[in-house]
Amino acid sequence: MSDIIIPVEIQSPATARQFLSGMVADASAEDPTGDQLVYTPVALVPEISLYLAVDAILFWARLEAAAKMPLPAPFWASAWAGGQAVARYLLDHPEAVRGKSVLDIGSGSGLAAIAAARAGAHVVANDIDPLAVASISVNAEANATEVTPHLGDMLGGTGYEADIVLVGDAFYNEEIAAALLPYLRRVLAAGGRVLIGDPGRGYRPEQGMDLLATYRHPDIGTFGDAYLDEVQVFELRPDLA
């Protein structure tokens, strides 16, 4: 996976969080504008609230204006359907992760990681975007959960990094799927489990997947996929390794 270009001033988790906190503080108005972050219950997981963009496109423009340079899309400012599904599944089935070490790959907002922590897991939430890592930290703190944010590309790992790896909506294009699958196979070969949330974007493996749950909700879509109302959770089978 290629590195994300971020201004030097916000490349570290600490400075990224300071930068992001300004956006969060501005969201205290009763009638927030579209370019703000608002602490909002998640549609499929109302037990958890996150700092989410009122309008992701306007918020992206505001981020770029504040950084004075082009920035990658703030995927972490939306609660993507796959992450919602994994979070819902873990809250409904806490025994799946209780007492286990969990790695949430491409964590974004930290939603699935927060749900895993609430279910009793020891959680690392990973992303390559410093602002996503800052978002994870802010959201975990707001939900009074212990989640360890980790900045960097972990797809070169051995597969022994955690008992369970969570993949919430990461299969969104061919390039990402090609980078992700070899690591997930190493996780399976190491004896770990892989749980995947996916709304059917067409890039997840068609074989070696066991369906665990299907969820429907009219409001699970984000700015890029408002049409979505169904999402599923799968477990990758060890025979794929």
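Residues numbered from 1 in each chain as written. Predicted model: local features only at pLDDT ≥ 70, side-chain atom pairs only at ≥ 80, totals over all residues. Heavy atoms only, no water.

**What about the overall build of the chain?**
Next up, step 1: Looking only at helices and strands, one finds six helices and nine strands in the chain.
Next up, step 2: In the chain, the proportion of contacts linking residues at least 24 apart, taken out of those at least 6 apart, comes to 67%.
Next up, step 3: For the chain, the accessible area works out to roughly 10,600 Å², and carbon and sulfur atoms hold 52% of it. (Helix = DSSP H or I, 4+ residues; strand = E, 2+ residues; numbered from the N terminus. Contact = heavy atoms within 4.5 Å. Areas by Shrake-Rupley, 256 points an atom, 1.4 Å probe, with all protein chains shown as cover.)

**Structural notes on the sheet that holds strand β5 (residues 147-151)**
Next up, step 1: Read from one edge of the open sheet, seven strands run β5-β4-β3-β6-β7-β9-β8, paired in mixed fashion. Edge strands, defined here as strands with exactly one partner in the open sheet, are β5 and β8 (209-216). Averaged over all pairs of adjacent strands, the angle between strand axes in this sheet comes to 20 degrees, irrespective of strand direction.
Next up, step 2: Examined bridge by bridge, strand β7 (residues 193-198) and strand β9 (residues 230-236) share four bridges and lie antiparallel to one another. Pairing of L195 across the sheet is with E235, part of β9.
Next up, step 3: Running over the sheet, helix α3 (residues 81-92) touches β6 (164-168), β7, β8 and β9 and is turned about 65 degrees from β9. (Pairing = 2+ DSSP bridges. Axes fitted to C-alpha atoms, helices over the stretch in contact; angles between N-to-C directions.)

**Observations regarding the pattern of salt bridges**
Next up, step 1: By the definition in use, this model includes seven salt bridges.
Next up, step 2: E230 is the partner of R216 in a salt bridge, and the nearest nitrogen-oxygen pair spans 2.8 Å. Taken as a pair, R216 in strand β8 and E230 in strand β9 lie far apart in primary sequence, 14 residues in all.
Next up, step 3: Taking relative accessible area as the criterion, E230 reaches 30% and is therefore assigned partly exposed.
Next up, step 4: Connected via shared salt-bridge partners are E47, R88 and D92. (Salt bridge = Lys/Arg side-chain N within 4 Å of Asp/Glu carboxyl O. Buried < 20%, exposed > 50% of the residue type's maximum accessible area, 1.4 Å probe, protein only.)

**Description of the packing of aromatic side chains**
Next up, step 1: Under the defined criterion, the tally for this structure stands at four aromatic pairs.
Next up, step 2: Centroid distance F59 to W76: 5.7 Å. Interplanar angle 85 degrees. Geometry classified as edge-to-face. Residue F59 is found in helix α2 (residues 56-67), and its partner W76 is found in the loop between α2 and α3; the two are separated by 17 residues along the sequence. The pair F59 / W76 is uniform in exposure class, with both members buried.
Next up, step 3: Every member of this aromatic cluster is reached through a ring pair, and the members are F75, W80 and Y172. (Phe/Tyr/Trp six-rings, centres within 6.5 Å; stacked < 30°, edge-to-face > 60°.)

**Overview of the nonpolar core**
Note on soluble globular proteins: their nonpolar side chains tend to be buried together.
Next up, step 1: By size, the foremost hydrophobic cluster in this structure holds 39 residues, and its most contacted members are L90, V147 and L166.
Next up, step 2: Of all the elements in the fold, those that place two or more residues in this core are β2 (49-53), α3, α4 (111-118), β4 (122-127), α5 (130-142), β6, β8 and β9.
Next up, step 3: Examining the composition of this core, we find that seven residues originate from one element, α4, more than from any other.
Next up, step 4: Leave out the neighbours within four places in its chain, and V147 touches A113, I114, A117, V123, A125, I136 and A140.
Next up, step 5: Judged by nonpolar contacts, the second largest core, of 21 residues, contains L103, L155, F171 and L236. (Core = buried A, V, L, I, M, F, W, Y, C linked by side-chain atoms within 4.5 Å.)

**Some details on unusual backbone geometry**
Next up, step 1: Located in the positive-phi region is A144, a residue other than glycine, with phi close to 55 degrees.
Next up, step 2: For D169, which is not glycine, the phi dihedral falls at a positive 65 degrees.
Next up, step 3: Taking relative accessible area as the criterion, D169 reaches 7% and is therefore assigned buried.

**Description of the pairing of β5**
Next up, step 1: Across five bridges, the pairing between β4 and β5 is parallel. Among the inter-strand pairings, D127 is bridged to a residue of β5, identified as L151.
Next up, step 2: Handedness of the crossover joining β4 and β5 through α5: right-handed. (Right-handed = clockwise from strand over helix to strand, strands pointing away.)

**A word on the packing of α3 against α4**
Next up, step 1: Two elements in contact, α3 and α4, have axes whose closest approach is 8 Å; the angle formed by their N-to-C orientations is 5 degrees. The angle between α3 and α4 falls in the class roughly parallel. The residues of α4 that touch α3, namely those facing G83, Q84, V86, A87, L90 and L91, are L111, A112, A115, A116 and R118. (Parallel < 35°, antiparallel > 145°, perpendicular 65-115°, else oblique.)

**Re the confidence of the model for the chain**
Next up, step 1: Confidence along the chain averages 87 in pLDDT terms, with 88% of residues attaining 70 or more.
Next up, step 2: Low pLDDT, under 50, characterises residues 1-6; the stretch is placed with 18 contacts to residues that sit more than four places away or in other chains. (pLDDT = per-residue confidence, 0-100.)

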